Amino acid sequence: MCQLREKEKTNRQLREKENTNFLIPVVKRKKRERELAQPHATFSTRKELKMKQESAFTIYGANQHFHLASCNFEMATTLSEAYRDNPLHLHHIIPLDFSSIRTLPDSHAWPQSEDDDDNNKDNYDNDDGPCIPIIDLMDPNAIELIGLACEQWGAFQLKNHGIPLNVMEEVEEEAKRLFNLPVNRKLKALRSGGGATGYGRARISPFFPKHMWHEGFTIMGSSCDDAKKMWPNDYARFCNTMDNYQNQMKMLAEKLTNMIFNLLGVSEEQKAWINTFPQLCEAVQLNFYPCCPEPNRAMGLAPHTDTSLLTILHQNQTNGLQIFKEGAGWVPVHPHPHTLVVHTGDILHILSNSRFRCALHRVMVNGLRQRYSMAYFYGPPMDYVLSPLVLHSLPLFRSLSVKEYIGIKAKNLGGALNLIRMLQN
Ligand SMILES: O=C(O)CCC(=O)C(=O)O
């Protein structure tokens, strides 16, 4: 009996650790939840208020935040399946027309979090303090350095990665071309309520009480159908650029995965899926953070971890990305020319039996500069069974397919990792 209680206690502690809401501590959060539950506190217009009342979402209980970003056509279908019972309301899909906004609407004004009391949002681009490692892929010790960065941070910056400069310049240019389109053109490629691809707010939007200062565009497989809707006569440039970017990123992701798996001691058989194209889960996410009239009260992208195995991110030369590090708070990831950011996602966290962190990250916005980022999400096929690959201790997670894990995340919002965590002996 005692042992059982001890087990329950350990599990509870583990869950609590994992469930830490990095945005707002519990007591404060409860108070804010009550405040935010007042519709007028969140939504400025009657229409928005009505939408909120109609919405079936209960967003205030969300603990660990995540990003449902991954995969190709099959994945898009699965995500739609996962959301069929909870289709998003239009106000969680259609972004604000930022070009016409001069003041921060209440719907986009975020409460200050306690983490920011120490590490003030004002200082998010200050240069002092810790920062994620910058690793040279040509360094003879690159594998060890990457392993260390994944253990300590769940993220690193990568230089000499081999992605040609023109590929990065072109994808940035096309992302700018897309987000600079008039709203009515972008809305032609609007994501559907249960859909995963196209133009819209961040897919994590319903899990937060406030809206983000952000527009996104998600690609899984070919982007041509959506591109044709926005540029009926001139879509090829966009599609080709996105295909090229995706292919280049895939090669890099494969290389990094091989390196990481070698470091973990994963067998050839266990990593055979790496070459199973086209069933891989991969996606490109274009992000735009317009200049904001009150950047300190707004949030570009709320804290989340990626579902992927690895995420590779190109950011334009505008600050904003931050990674949460225990003991240090929110740490800025300053852009360096020709350098990519790599995050480890939930899947690598599971496969490494918690050895590697999944980086909790968010994006702050800027009063003067627009930020663009292009994320590539990479992971094993949908039917791949996730379970810790190399065990020096008991497995911390039960086995389940990628598809099942995505379903758990979709239905339970946060805390998905806790739901697959095994009891400790
Ligand atoms: O814009 C960024 O730097 C972060 C993007 C991101 O986290 C995402 O797309 O999931």
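Criteria and cut-off values
Think of each chain on its own: its residues are numbered from 1, step by step along the sequence as written. Given that this is a predicted model, residues contribute local features only at a pLDDT of at least 70 and side-chain atom pairs are listed and counted only at 80 or more, while totals for whole chains, interfaces and linings are drawn from all residues. UniProt positions are given in the numbering used here, feature names are shortened, and annotations may be inferred rather than shown by experiment. For this entry, the nonpolar core is defined as buried Ala, Val, Leu, Ile, Met, Phe, Trp, Tyr and Cys residues connected by C-beta atoms within 7 Å. Each residue is classified by how many other C-beta atoms fall within 10 Å of its C-beta atom, where C-beta atoms are placed from the backbone; a count of 20 or more means buried, 12 or fewer means exposed, and values in between mean partly exposed. Secondary structure follows DSSP: runs of H or I at least 4 residues long count as helices, runs of E at least 2 residues long count as strands, and numbering of each begins at the N terminus. Placing a C-beta atom from the backbone of each residue, one calls two residues in contact when those atoms lie within 7 Å. Only strands joined by at least two bridges in the DSSP assignment are considered to pair. Near, as applied to residues and a molecule or strand, means the residue's backbone-placed C-beta atom lies within 6 Å of it. Residues are sorted three ways: Asp, Glu, Lys and Arg are charged, Ala, Val, Leu, Ile, Met, Phe, Trp, Tyr, Cys and Pro are nonpolar, and all the rest, Gly among them, are polar. A fitted line through C-alpha atoms represents every axis, and for helices the fit uses only the stretch in contact; the resulting angles, taken between N-to-C directions, go from 0 to 180 degrees. Angular relationships are summarised with four words: roughly parallel below 35 degrees, roughly antiparallel beyond 145, roughly perpendicular across 65 to 115, and oblique for the angles in between.

- The name given to the chain in an unreviewed UniProt entry is gibberellin 3beta-dioxygenase, with Psophocarpus tetragonolobus as the source organism.
- Per UniProt, the comment on the chain under Cofactor (unreviewed entry) is "L-ascorbate".
- Under Sequence similarities (unreviewed entry), UniProt gives the following word-for-word description of the chain: "Belongs to the iron/ascorbate-dependent oxidoreductase family. GA3OX subfamily."

Focus on the nonpolar core
Across soluble globular proteins, nonpolar side chains have a tendency to be buried as a group.
Link 1 in the chain: By size, the foremost hydrophobic cluster in this structure holds 90 residues, and its most contacted members are Ala 155, Phe 156, Ile 312 and Val 342.
Link 2 in the chain: The biggest single contributor to this core is helix α11 (residues 236–264), with 10 residues.
Link 3 in the chain: Other than its neighbours up to four places away in sequence, Val 342 contacts Ala 155, Phe 156, Leu 158, Leu 256, Leu 310 and Ile 312.

Concerning the pairing of strand β5 (residues 215–219)
Link 1 in the chain: With 5 of 5 residues buried, β5 is to be regarded as a mostly interior element.
Link 2 in the chain: Along β5, one buried face is formed by Glu 215, Phe 217 and Ile 219 and the opposite face, lined by Gly 216 and Thr 218, is buried too.
Link 3 in the chain: Relative to strand β6 (residues 281–289), β5 is paired through 5 bridges, and the arrangement is antiparallel. In the sheet register, Gly 216 faces β6, and the bridge partner there is Asn 287.

Some thoughts on the site of the ligand
Link 1 in the chain: The immediate surroundings of the ligand are formed by 13 residues, with Gln 285, Asn 287, Leu 321, Ser 373 and Ala 375 found nearest.
Link 2 in the chain: Going through the elements one at a time, β6, β7 (301–306), β8 (310–315), β12 (361–363) and β13 (371–379) are the ones with two or more residues in the shell around the ligand.
Link 3 in the chain: A per-class count over the shell around the ligand returns 6 nonpolar, 6 polar and 1 charged.

Let's talk about the packing of helix α7 (residues 142–152) against α11
Link 1 in the chain: It is the contact of α7 with α11, at a shortest axis distance of 10 Å, that shows an interaxial angle of 85°. In terms of orientation, α7 and α11 fall into the roughly perpendicular class. Touching Ile 143, Ile 146, Gly 147 and Cys 150 of α7 are Met 259, Ile 260, Asn 262 and Leu 263, all from α11.
Link 2 in the chain: Of the residues contributing to the contact of α7 with α11, the split by class is 6 nonpolar, 2 polar and no charged.

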